[in-house]
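What follows is each chain in one-letter form.
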Amino acid sequence: MNHNHKHPHTHPHSHPHDHAHGHSHEHSHDHGKSHSHGQGHDHDHDSDSKPEMSTQEKLGVLLSHWVDHNDSHKDNFYSWAKKAEQAGLDGIAFHLKQAGDLSEKVTEHLRQAEEKLHG
């Protein structure tokens, strides 16, 4: 099942969600880059099916995705902060910059988790 929805971004990408069924979500981002996260997987439970991913394997995929996805949002926050400043919306620009700064901290924590995962 495919679910398509738009976010205020401009490049398409899809990523897996840990559901009982496989599907992708299409997003677009403002920086003009295209990328895809994860692979679809099937839930065929016959003897030829692939083994379930371990928690560590899932976290490896998810952490990498979350870093990229969070950085994309951070870039959008800073981009819109600049646009808000240019439009004389200094109060809004301030909060968007703060959101970008916090996103940088989130990314750092995600990277630290990746480092611990990979030893």
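Rules used in this analysis
Residues numbered from 1 in each chain as written. Predicted model: local features only at pLDDT ≥ 70, side-chain atom pairs only at ≥ 80, totals over all residues. Heavy atoms only, no water. Helix = DSSP H or I, 4+ residues; strand = E, 2+ residues; numbered from the N terminus. Buried < 20%, exposed > 50% of the residue type's maximum accessible area, 1.4 Å probe, protein only. Contact = heavy atoms within 4.5 Å. Areas by Shrake-Rupley, 256 points an atom, 1.4 Å probe, with all protein chains shown as cover. Salt bridge = Lys/Arg side-chain N within 4 Å of Asp/Glu carboxyl O. Phe/Tyr/Trp six-rings, centres within 6.5 Å; stacked < 30°, edge-to-face > 60°. Lys NZ or Arg CZ within 6 Å of the ring centre and 35° of its normal. Expected span 1.5 Å × (residues − 1). pLDDT = per-residue confidence, 0-100.

Caption draft 1: Looking closely at the overall build of the protein chain. Within the protein chain, the regular secondary structure consists of two helices and two strands. Helices and strands appear in the protein chain in the N-to-C order β-β-α-α. Sorting the 119 residues of the protein chain into buried and exposed places 25% on the buried side. Sequence-distant contacts in the protein chain: of pairs separated by 6 or more residues, those separated by 24 or more amount to 35%. With an accessible surface of roughly 8,400 Å², the protein chain has 54% of that area assigned to carbon and sulfur atoms.

Caption draft 2: Fine view of the pattern of salt bridges. According to the stated counting rule, one finds four salt bridges in the structure shown. Note that Arg 111 is salt-bridged to Asp 71, the shortest N-O span being 3.1 Å. Within this pair, whereas Arg 111 is found in helix H2 (residues 90-117), its partner Asp 71 is found in helix H1 (residues 55-86), the two being separated by 40 residues in sequence. For Arg 111, a relative accessible area of 36% translates into the label partly exposed. We note a salt bridge from Asp 75 to Lys 74, for which the minimum N-O separation is 3.6 Å.

Caption draft 3: Highlighting the environment of Val 61. The residue Val 61 is located in helix H1 in this model. Through-space distance from the C-alpha of Val 61 to that of Glu 114 is 9.7 Å; in sequence the pair is 53 residues apart.

Caption draft 4: Seen up close, the environment of Ala 81. Counting through the fold element by element, Ala 81 comes out in helix H1. Among the residues examined, Ala 81 registers a relative accessible area of 0% and is labelled buried. Measuring from C-alpha to C-alpha, the distance between Ala 81 and Phe 94 comes to 7.1 Å, with 13 residues separating the pair along the chain. Sequence-distant contacts of Ala 81, that is, excluding residues within four places in its chain, are made with Ala 93, Leu 96 and Lys 97.

Caption draft 5: Just the packing of aromatic side chains, in detail. One pass over the full model with this rule turns up zero aromatic pairs. Lying over the aromatic face of Trp 80, Lys 83 brings its terminal NZ or CZ to 4.1 Å of the ring centre.

Caption draft 6: Spatial organisation of H2. The end-to-end C-alpha distance of H2 is 41 Å, a good match for the 40 Å that 28 residues give at a rise of 1.5 Å each. Once H2 finishes, Gly 119 follows within two positions and takes phi at roughly 70°, a positive value.

Caption draft 7: The confidence of the model for the protein chain, seen in detail. Across the protein chain, the average pLDDT comes to 75, with 60% of residues at or above 70. Within the model, the stretch residues 1-45 combines pLDDT values under 50 with 84 contacts to residues more than four positions away or in other chains.

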